[in-house]
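Secondary and tertiary structure notes
For reference, the chains in residue letters:
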Amino acid sequence: MGASRHAQLVQDADTKSAQGDFARAINLYEAALDDSPRCAEIHYKLALLYDDKLNDPISALHHFKRYLALSPDGPHANEVKKSMKHDEIAALTALSGDSVIPRSEAAQLRNENLNLRKELETRAASRIAPEKSKANGASSKKNTSKKADRTYVVRPGDTLFSISRKFYKSSKHWKQILEANRKNIRDAKKLTVGETLLIP
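This section reports on the structure supplied with the text.

The rules we used
Residues numbered from 1 in each chain as written. Predicted model: local features only at pLDDT ≥ 70, side-chain atom pairs only at ≥ 80, totals over all residues. Heavy atoms only, no water. Axes fitted to C-alpha atoms, helices over the stretch in contact; angles between N-to-C directions. Helix = DSSP H or I, 4+ residues; strand = E, 2+ residues; numbered from the N terminus. Parallel < 35°, antiparallel > 145°, perpendicular 65-115°, else oblique. Left-handed = near helix turned anticlockwise from the far one by under 90°. Contact = heavy atoms within 4.5 Å. Nonpolar A, V, L, I, M, F, W, Y, C, P; charged D, E, K, R; others polar. 1 Å grid on protein atoms, 1.4 Å probe; cavity = no way out; pocket = protein on both sides within 12 Å on 5 of 7 lines; lining within 4 Å. Points joined across faces, edges and corners; volume = space filled by probe spheres on them.

1. What about the packing of helix 3 (residues 40–53) against helix 4 (residues 57–70)?
Running from N to C, helix 3 and helix 4 cross one another at 160°; their axes reach a closest spacing of 8 Å. Judged on the interaxial angle alone, helix 4 and helix 3 are roughly antiparallel. Between helix 3 and helix 4 lies a crossing whose hand is left-handed. Each of Ala-40, Glu-41, His-43, Tyr-44, Leu-46, Ala-47, Leu-48, Tyr-50 and Asp-51 in helix 3 lies in contact with helix 4, whose residues at this interface are Ser-59, Ala-60, His-63, Phe-64, Arg-66, Tyr-67 and Leu-70. The class makeup of the residues in the contact of helix 3 with helix 4 is 10 nonpolar, 3 polar and 3 charged.

Shown next, in the form of structure tokens:
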């Protein structure tokens, strides 16, 4: 009897979440929680709701930690650990009011900056030689058309993090989506519902 009630609560919560009624989904998921390992998946779903839909990294961290406590080697363990690092930074940023960038991310940004400079130098050099310029133009048009093939219309509750998970099954590609849509996105934390994004 208890197992069928548990399954019904989870099913109802999944339905409410899909309908965008996140508050009701959270209530139903929490009603299905107990200390058994089967609840690890519920903690994961709760963490994703708090992280992707409600932009609440502190609550997301709690449920990610509970997931790891109940299922340290579970199917989402690696993704959970990466998400926790991101949420810890987001929580610190929210609490301090300052921008906190870890060293690894700062190094990655420096490398991207160097690569972009090299690319600019290469393009500037190619303008001198008309044949190279035409060849580069043709190949860049092909690359642009491939990237433009995939688009996504922003829905209520979407974040770059959740869109990255949707397309890449990982949240780590959110910066690529942001860069591809830099002209249209004013604030990376507040996407405009109905806006069409290019997915690289």
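Past the structure itself, the notes keep going.
2. Some remarks on the layout of surface pockets
In this structure, the second largest pocket encloses a volume near 560 Å³. As for the second largest pocket, its lining consists of 18 residues, of which Leu-48, Asp-52, Lys-53, Ser-162 and Lys-166 are closest to the centre. Mapped onto the lining of the second largest pocket, the elements with two or more residues apiece are helix 1 (2–19), helix 3 and helix 8 (160–168). Among the elements that line the lining of the second largest pocket, the one with the most residues is helix 3, at 6 residues. Its residues assigned to classes, the lining of the second largest pocket comprises 6 nonpolar, 4 polar and 8 charged.

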